[in-house]
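Here is how the chains run, residue by residue.
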Amino acid sequence: MNGNAHGRLGIMNWLGSLAVLCAWIALWWMASNAGWVSRVFLPTPQATFASLLEGLNLSGQNSNGELLAFTQATVGRMVQGWLLASLFGVLLGAAIGVSPAVRAWVQPTLEFIRPLPASALLPLAISIFGLNPGMVLFVVAFGAMWPVLLATVHGFAAVEPRLSEVARCLQMSRAAFVWKMGLPNAMPDILAGMRLALTIALIVAVVGEMIASQSGLGQAILLAARAFRASDLFAGIVLLGLIGFASNALLAFAEKRLLRWQQP
C-alpha cells in the first residue's frame, strides 16, 4: 500500500469514528430531550457541556473551577503512579525475563498475584498506610505495574537465541546484553504494556479517590451522584473519557516515534 492510499484510509477511518461519535451524541440528545429518560438521571448534552465549561472555569462567568482542580489531582495521581509502575515493571521484568531459571521459579507467583484487582487491595492498603494520598498512589502504581511487568518479561523471553550466542561470543556482561540487545528487542512489548498500564492507572486512581475520599474526579463524580447533580456527574464522566483518549493518543504517538527503526 502506497503512502497516498494509506493516508486516504486513515482519513476514512477518522471520519468513520467521528460519525459514530456524532451518532451517539444525537441519540443522547434525543433520549434526554424527548423524555425517554428522566433528566434527573440523564441530562441533556447542552447541560453537560455547560457544567463542563463552568467546572473548568471556561464559561466566562464567575465560577469556582473546582472541576479543574479535581482534574489536576487525578491526572497527577495517574501520571505519578504510571511512572512508578513503568519503572519498577521494566526493572523487575528485565531481571526476570533474561533468566529462564528465574522465570520458571517466579512465573507461578506472578500468575497468582496478577488476576487480583487493585481495587480489591484498597482496604488492605488503607489499613497499612491509612487514608492519605500516598496510599492511593501505591495502589495505582501496584495495579498499573502488572501489564508493564508481564510485557517486559515476555519481551525479554522472546529475544532471538542467536543474539544471546553473539553476546557470549563478544563476552558481553549481563547488564550490557540487557541494555544493548534485550531492551531494544523487548521495546514493542514494553510500550504496549505501558499503554495498557496508563488506562489502568486512570481507572484505579478514580476508584481510589471514591473509596478513600481523596480529592479528584472520582470524589467529584461520587458527590455529584449522591446530590443528584446529573449534569455535573456526566461532565466528570466526559472529562475522564477525554483524559483517557488524550493520554492514549500521546503515548501512541510516542510509541510510533520510538519504534521508527522497526518500520520498513
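Heads up: the structure comes first, above all this text.
Parameters and conventions
- Residues numbered from 1 in each chain as written.
- Predicted model: local features only at pLDDT ≥ 70, side-chain atom pairs only at ≥ 80, totals over all residues.
- Heavy atoms only, no water.
- Salt bridge = Lys/Arg side-chain N within 4 Å of Asp/Glu carboxyl O.
- Helix = DSSP H or I, 4+ residues; strand = E, 2+ residues; numbered from the N terminus.
- Axes fitted to C-alpha atoms, helices over the stretch in contact; angles between N-to-C directions.
- Parallel < 35°, antiparallel > 145°, perpendicular 65-115°, else oblique.
- Left-handed = near helix turned anticlockwise from the far one by under 90°.
- Contact = heavy atoms within 4.5 Å.
- 1 Å grid on protein atoms, 1.4 Å probe; cavity = no way out; pocket = protein on both sides within 12 Å on 5 of 7 lines; lining within 4 Å.
- Points joined across faces, edges and corners; volume = space filled by probe spheres on them.
- Nonpolar A, V, L, I, M, F, W, Y, C, P; charged D, E, K, R; others polar.
- Patch = residues over 30% accessible without salt bridge, like charges linked within 9 Å, V, L, I, M, F, W, Y side chains within 5 Å.
- Areas by Shrake-Rupley, 256 points an atom, 1.4 Å probe, with all protein chains shown as cover.
- Buried < 20%, exposed > 50% of the residue type's maximum accessible area, 1.4 Å probe, protein only.

Caption draft 1: The pattern of salt bridges, seen in detail. One pass over the structure, following the stated rule, counts 3 salt bridges. Two residues, Arg195 and Glu255, come together in a salt bridge whose shortest N-O distance is 3.2 Å. Taken together, the residues Arg195 in helix H8 (residues 174-212) and Glu255 in helix H10 (residues 230-258) connect sequence positions 60 residues apart.

Caption draft 2: Looking closely at the packing of helix H9 (residues 217-226) against H10. Taken N-terminus to C-terminus, the directions of H9 and H10 make an angle of 155°; their axes are 8 Å apart at the nearest point. Considering the angle they form, H9 stands roughly antiparallel to H10. Crossing hand, H9 versus H10: left-handed. The residues of H10 that touch H9, namely those facing Leu217, Ile221, Ala224 and Ala225, are Asp232, Leu233, Gly236, Ile237, Leu239, Leu240 and Ile243.

Caption draft 3: View of the layout of surface pockets. Of the volumes computed, that of the largest pocket is approximately 940 Å³. Residue lining of the largest pocket: 22 residues in total, with Ser17, Leu18, Leu21, Leu242 and Phe245 positioned closest to the centre. Broken down by secondary-structure element, the contributors of at least two residues to the lining of the largest pocket are helix H1 (3-33), helix H2 (45-55) and H10. Broken down by class, the residue content of the lining of the largest pocket amounts to 16 nonpolar, 5 polar and 1 charged.

Caption draft 4: Just a nonpolar patch on the surface, in detail. Taken together, the side chains of Val20, Trp24, Leu27, Trp29, Met30, Trp36, Val37, Val40, Phe41 and Phe228 make up a nonpolar region of the molecular surface, amounting to roughly 1100 Å² of accessible area. As for its placement among the helices and strands, Val40 is situated in the loop between H1 and H2. Classification of Val40 by relative accessible area gives partly exposed; the value is 44%.

Honestly, it's all geometry; don't read function into it.
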